[in-house]
Amino acid sequence: MTTAGPAAAPRGRIDPDRTYVVLIGVDEYTHLAELRSVRHNLTALRAALIDPEIWGIAEDRVRTVENPATGAELTDPIYEAAGKAEDTLIVYYAGHGLIDRRETQLLLTLPESEEDRPDKCVRAGDVNRAIGSGATVKHHVLLLDCCFSGKVLTEMGGADDLSEMALGTLHDITGSYVMTSAPKDRPSHAPNPKHATVFTGAFVDVLRQGVPDGPEMLSLHALFQAVKQRIADMKLKVPQEPQDEDRNGVGGLDFARNVAVLPPLTPRPAPEPPPSRLRVLLWTLAAATAGLAVGLGAPGAVDWWHTAHPAAAAGKCGGHPTNAPVPRAVLLDHSDALDKKNVDYEEIEGLSALALTAESESGVEAFALADNDPGLLFPVRLGTPFDLNPVAGTAHTLRRPDGTQFPKNLPDGEGLVIEQGGKTALVASEDAPAIRRFDIATGQQLGKDFPIPKELRYWPDGSAQSGRGLESLTISPDGKHLYAGWEAPLAADGDQRGRPQIRILRYTGTPGGTYQPDEQYGYLAGDGMNLVELAALDNAGNLLALEREYTSDLGSSIRVVQVSLDGARDVSEDDSLFDVPADVFTHATPVLTLSACPSGGPGAVAAPGSKPGNPLVDNVEGMAVGKEWTTGEYQGWRPLYLVSDDNGSGDQITRLYSLALRLKP
């Protein structure tokens, strides 16, 4: 699609005092993938347009339409605005775009829209008629940010060009300008549901940052050129190249102030002297009484905007050792959607282990293991690491080999490995301790318990601490090795100045077959911490270890450590680790302290009743690591998922976390 430039001589300015804007966005879908980014589009674009430093249109001249349920709910606001506008009508739409294959026409979607169901969509021609209905409007502007899922793209093979459809929308209207987010057979990207889409995000960024070395006033076409360059600089894996078309020079009219070259309209006020204690007290009381602190202008005043619109709990996790310019961990999202919920009247509680079964751009699937009575294995769709939306299915009950249920309080599952493409599961249990294989479909145990070395058992056979024995289980990607971790030191091993000396047991065997214990490794945990989960990173003995500590009135401390078994000595013949040299232990590098991750603004994270120092942190027990990202912002990083065990208590929360980890080779 060729891009037509504006006329050589602009004809004045798009007057905000005689213009109406309609912003339409659909982010909730029943049959199509949700587009959470769209809600950010509407908020960010509206804020930029009403900002007097940029364009300064009056708020009552901007109509926002969110998730219109019917075609009329989408087009009626356009008809109304067209009847009021005297200078320009601007219509913006963001959501999924579909093609009517028979009529080769662009379809704008609604929450109930489906593919191959044009009757559930809004045809571009209907939007065309609404935009052109105003008798007094001189200029018409259409901005389209149409996002497509992979399925839609696959089924569009051979369809007409999306942009040609979009640009044809206003061909019957003189004095029009159209800007679209993508050309033929290219998606419009929305990589992060917590931020605006690529196109609208770039558009707003250019409005707010301006164009260096550009003119004092930016036309729509000048904005388009800057947006196009900004997106090109992103070097997206699947290119996205916006398109525009100008009829009768509308794209060349002055539109927004170029804030990169113009001074602010309102100079910043000079700093005020520090307020007296009395003034601060009066400000605070006034803010508390009114519920906001508008106009107080004091450093100590309550920021009412951030209270009403709290920042999300997401971003770089600070603290040692992640205080470097490039962090080792970034919190992406968290969700309490599973907390105090049930599936088929079985409570979702006591989740102590997590194992991934499938990963794709559309979502992640997993199993979550409950350690309560009876042992339950829940299939869970997690959503994506950038937008957690966990939904649990009917649980599989773990049963003994004869099909009967385990006795009360058994099997107390704490570690989980999924085998054979989801057919069988290995469960590490504290009860014996034991490792058992189960058929997932029936829940029945297959074969006998795996052998556990005598010294790792409870008294009188061994010296494992009661209730703090076998806690974690993971498998190497090739299935050759299992790694089982004990929660606390054996009585004979003790600690090193408060740092527990814990054993990791390695098994060798064949996937789906038998495994035999062959080596043990010493792991030196953090001060007062226990080992609650392991996750294998590769076939070379590199693991992630999840540590946890709980202190009354302070709550939980959660730490993730990268562990290398390379060079660690087999300690299976050592009766005690109490006095072994330091170089006997595994090499460990701290990666993440959960309390150092951002917990967002007020109310962004629900605080557990246990009242930890950071409301984000609860009793995390389960951990799973995803495949390395090969593209995008976190290329070379790996997604990490954590789940907390609420212990069936109202004071704790079942919470899912997703993070990005930058792991060292």
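Small disclaimer: the values here were computed from a predicted structure and weren't measured.

Visitor: Lay out the pattern of salt bridges with the relevant residues and their values.
Guide: Note on pairing: side chains with opposite charge can pair once their charged atoms come close. In this structure the tally under the stated criterion is 27 salt bridges. Among the ionic pairs, Arg257 bridges to Glu53, the shortest N-O distance being 3.5 Å. Remark: Glu53 occurs in the loop between α1 (37-50) and β2 (62-66) and Arg257 occurs in strand β10 (residues 254-257); sequence separation between them is 204 residues. The residue Asp205 makes a salt bridge to Arg230 at a minimum N-O spacing of 3.9 Å. With Asp205 in helix α6 (residues 198-209) and Arg230 in helix α7 (residues 220-233), this residue pair connects regions lying 25 residues apart in the sequence. For Asp205, a relative accessible area of 32% translates into the label partly exposed.

Visitor: Before we move on, could you go through the nonpolar core and cite the residues and values that matter?
Guide: Core analysis: the largest hydrophobic core is formed by 71 residues, its most contacted members being Leu49, Trp55, Ile78, Leu89, Tyr93, Leu207 and Phe255. Every residue in contact with Tyr93, bar those within four places of it in the chain, is listed here: Ile24, Val26, Tyr29, Leu74, Leu108, Thr109, Leu143, Leu144, Asp145 and Cys146.

Visitor: Summarise the sheet that holds strand β31 (residues 555-564); cite the residues concerned and give the values.
Guide: The four strands lie next to each other as β29-β30-β31-β32, forming an open sheet whose pairing is antiparallel. Only two strands of the sheet have a single partner each, and these edge strands are β29 (530-536) and β32 (587-593). Strand-to-strand twist in this sheet, taken as the mean axis angle between neighbours without regard to direction, amounts to 30°. With ten bridges connecting them, strand β30 (residues 542-551) and β31 associate as antiparallel partners. Residue pairing across strands places Glu549 opposite Ser557, the latter belonging to β31.

Visitor: Tell me about α7, and please be specific about residues and values.
Guide: In this model, α7 (14 residues) spans 20 Å end to end at C-alpha, consistent with the 20 Å of a helix rising 1.5 Å per residue. Regarding α7, the residues found buried are Leu220, His221, Leu223, Phe224, Ala226, Val227 and Ile231. Just beyond α7, the residue with positive phi is Lys235, at close to 50°.

Visitor: So, the packing of helix α2 (residues 71-84) against helix α3 (residues 124-131): which residues are in play, and what are the values?
Guide: In contact at an axis separation of 8 Å, α2 and α3 are set at 20° when each is read in the N-to-C sense. Compared by their axis directions, α2 and α3 come out roughly parallel. Contacts between α2 and α3 involve Leu74, Thr75, Ile78, Tyr79 and Ala82 on the former and, on the latter, Asp126, Val127, Arg129, Ala130 and Ile131. Its residues placed into classes, the contact of α2 with α3 shows seven nonpolar, one polar and two charged.

Visitor: Can you tell me about unusual backbone geometry, naming the residues and giving the values?
Guide: Residue Pro433 is reached from Ala432 by a cis peptide bond, and omega for that bond is -5°. One can find Pro433 in the loop between β21 (424-429) and β22 (434-439). The amide bond that connects Trp459 to the next residue, Pro460, takes the cis arrangement and shows omega of 15°. Here Pro460 lies in the loop between β23 (445-446) and β24 (470-475). Here Asp213, not a glycine, exhibits a phi torsion of approximately 65°, which is positive. Positionally, Asp213 belongs in the loop between α6 and β8 (217-219). Backbone geometry places Tyr345, a non-glycine residue, at a positive phi of 70°. Within the secondary structure, Tyr345 sits in the loop between β13 (342-343) and β14 (346-347).

Visitor: Give a description of the state of the cysteines that names residues and reports values.
Guide: Applying the stated criterion to the full structure yields one disulfide. One disulfide bridge connects Cys317 with Cys597, the sulfur atoms lying 2.0 Å from each other. On the sign convention where negative is left-handed, the bridge of Cys317 and Cys597, at about 100° about the S-S bond, is right-handed. Linking Cys317 in the loop between β11 (315-316) and β12 (329-335) with Cys597 in the loop between β32 and β33 (620-625), this pair joins segments that are 280 residues apart in sequence.

Visitor: Give me the lowdown on α3, citing residues and values where you can.
Guide: With six of eight residues buried, α3 lies mostly within the body of the structure. Among the residues of α3, Ala124, Gly125, Val127, Asn128, Ala130 and Ile131 are the ones counted as buried.

Visitor: Tell me what's going on with the sheet that holds β22, and back it up with residues and numbers.
Guide: Spatial ordering of the open sheet is given by β20-β21-β22-β23, a layout of four strands whose pairing is antiparallel. Looking at strand neighbours, the two that pair on one side only are β20 (413-419) and β23, the edges of this open sheet. The pairing of β22 with β23 spans two bridges and is antiparallel. Counted as the bridge partner of Phe438 is Gln445 from β23.

Visitor: Provide a residue-level description of the environment of Gly555, including the pertinent values.
Guide: Along the polypeptide, Gly555 turns up in strand β31. For the pair Gly555 and Val617, spaced 62 residues apart in sequence, the C-alpha to C-alpha distance is 8.0 Å.

Visitor: Describe the pairing of strand β28 (residues 515-524), and please don't skip the residues or the numbers.
Guide: Side chains on a regular strand alternate between the two faces of the sheet. Alignment of strand β27 (residues 499-509) against β28, held across nine bridges, turns out to be antiparallel. In the sheet register, Thr508 faces β28, and the bridge partner there is Gln516. Here β27 folds back onto β28 in antiparallel fashion, the turn holding five residues, of which Gly512 has a positive phi close to 75°.

Criteria and thresholds
- Residues numbered from 1 in each chain as written.
- Predicted model: local features only at pLDDT ≥ 70, side-chain atom pairs only at ≥ 80, totals over all residues.
- Heavy atoms only, no water.
- Salt bridge = Lys/Arg side-chain N within 4 Å of Asp/Glu carboxyl O.
- Helix = DSSP H or I, 4+ residues; strand = E, 2+ residues; numbered from the N terminus.
- Buried < 20%, exposed > 50% of the residue type's maximum accessible area, 1.4 Å probe, protein only.
- Core = buried A, V, L, I, M, F, W, Y, C linked by side-chain atoms within 4.5 Å.
- Contact = heavy atoms within 4.5 Å.
- Pairing = 2+ DSSP bridges.
- Axes fitted to C-alpha atoms, helices over the stretch in contact; angles between N-to-C directions.
- Expected span 1.5 Å × (residues − 1).
- Parallel < 35°, antiparallel > 145°, perpendicular 65-115°, else oblique.
- Nonpolar A, V, L, I, M, F, W, Y, C, P; charged D, E, K, R; others polar.
- Disulfide = S-S within 2.5 Å.

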